[in-house]
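Structure assessment
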Amino acid sequence: MVQIMDSIFSSDSKLMQFMEWVTRMLHVQILWVLGTLLGLVIGGIFPATFALCAVVRKWILGQDFTVGKTFFQVYKENFLKANGLGYGLGLVGASFMYY
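The structure presented is a predicted model; accordingly, all values stated were derived computationally and were not measured.

Comments concerning unusual backbone geometry
At leucine 40, a residue that is not glycine, the phi angle is positive and equals roughly 55°. Here leucine 40 shows up in the loop between helix H2 (14-38) and helix H3 (45-61).

A few points about the packing of H3 against helix H5 (residues 79-98)
Any two packed helices are characterised by how steeply their axes cross, that is the angle between the axes, and by the distance between the axes. Interhelical geometry of H3 versus H5 gives an angle of 110° and a closest axis separation of 8 Å. Judged by the inter-axis angle, H3 sits roughly perpendicular to H5. Residues Phe46, Pro47 and Phe50 of H3 pack against Phe79, Ala82, Asn83, Gly86 and Tyr87 of H5. A class-by-class count of the residues in the contact of H3 with H5 yields six nonpolar, two polar and no charged.

A short note on H3
Taking 1.5 Å of rise per residue, the 17 residues of H3 would be expected to cover 24 Å, and the 24 Å separating its terminal C-alpha atoms lies within 8% of that figure. Looking only at H3, the buried set comprises Pro47, Ala48, Ala51, Leu52, Val55 and Trp59. The buried side chains of H3 occupy one side of the element, clustering within an arc of 140° when seen end-on. Opposite the buried face of H3, by more than 90 degrees, sit the exposed residues Arg57 and Ile60. At its buried positions, H3 is contacted by H2, helix H4 (67-77) and H5.

Structural notes on the pattern of salt bridges
With the rule as written, the count across this model stands at one salt bridge. Between arginine 24 and glutamate 20 there is a salt bridge; the shortest N-O distance is 3.4 Å. Placement of both arginine 24 and glutamate 20 in helix H2 is noted, with a separation of four residues, approximately one turn of the helix. Looking at arginine 24, the relative accessible area reads 32%, which means it is partly exposed.

So, the packing of aromatic side chains
Scanning all chains against the criterion turns up six aromatic pairs. On the numbers, 6.3 Å between centres and 70° between planes, the contact of phenylalanine 72 with tyrosine 75 is edge-to-face. Taken together, the residues phenylalanine 72 and tyrosine 75, both in helix H4 and three residues apart, mark about one turn of the helix. Classification of phenylalanine 72 as partly exposed rests on a relative accessible area of 24%. Overall, the relative accessible area of 4% leaves tyrosine 75 in the buried class. Among the aromatic residues, those joined into a ring-pair cluster are Phe71, Phe72, Tyr75 and Phe79. One residue, lysine 58, lies across the ring of phenylalanine 65, its end atom 5.7 Å from the ring centre.

So, how was this worked out
Residues numbered from 1 in each chain as written. Predicted model: local features only at pLDDT ≥ 70, side-chain atom pairs only at ≥ 80, totals over all residues. Heavy atoms only, no water. Helix = DSSP H or I, 4+ residues; strand = E, 2+ residues; numbered from the N terminus. Axes fitted to C-alpha atoms, helices over the stretch in contact; angles between N-to-C directions. Parallel < 35°, antiparallel > 145°, perpendicular 65-115°, else oblique. Contact = heavy atoms within 4.5 Å. Nonpolar A, V, L, I, M, F, W, Y, C, P; charged D, E, K, R; others polar. Expected span 1.5 Å × (residues − 1). Buried < 20%, exposed > 50% of the residue type's maximum accessible area, 1.4 Å probe, protein only. Arc of directions from axis to C-beta. Salt bridge = Lys/Arg side-chain N within 4 Å of Asp/Glu carboxyl O. Phe/Tyr/Trp six-rings, centres within 6.5 Å; stacked < 30°, edge-to-face > 60°. Lys NZ or Arg CZ within 6 Å of the ring centre and 35° of its normal.

Written as structure tokens, this is what we have:
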């Protein structure tokens, strides 16, 4: 019984890997909400989404970094670009929908 419990809760088990993934996603979702509110929703949704994607990309590539610092660094650096791209693509999509 003890051996089974040790294998389930070891750091390389599938359960622990899944739980680590869930906590990472929860962490980045909280940062996304904070970033969206920081931009007063209208100006923050696209930079927050861009920063979220940048953080997830670094996780996938296996890079070592601090999540909060990286999120807000990407958020600040790409604030205008992300809003321009997001609202530009939104206008293009809306024009296809209505014309």
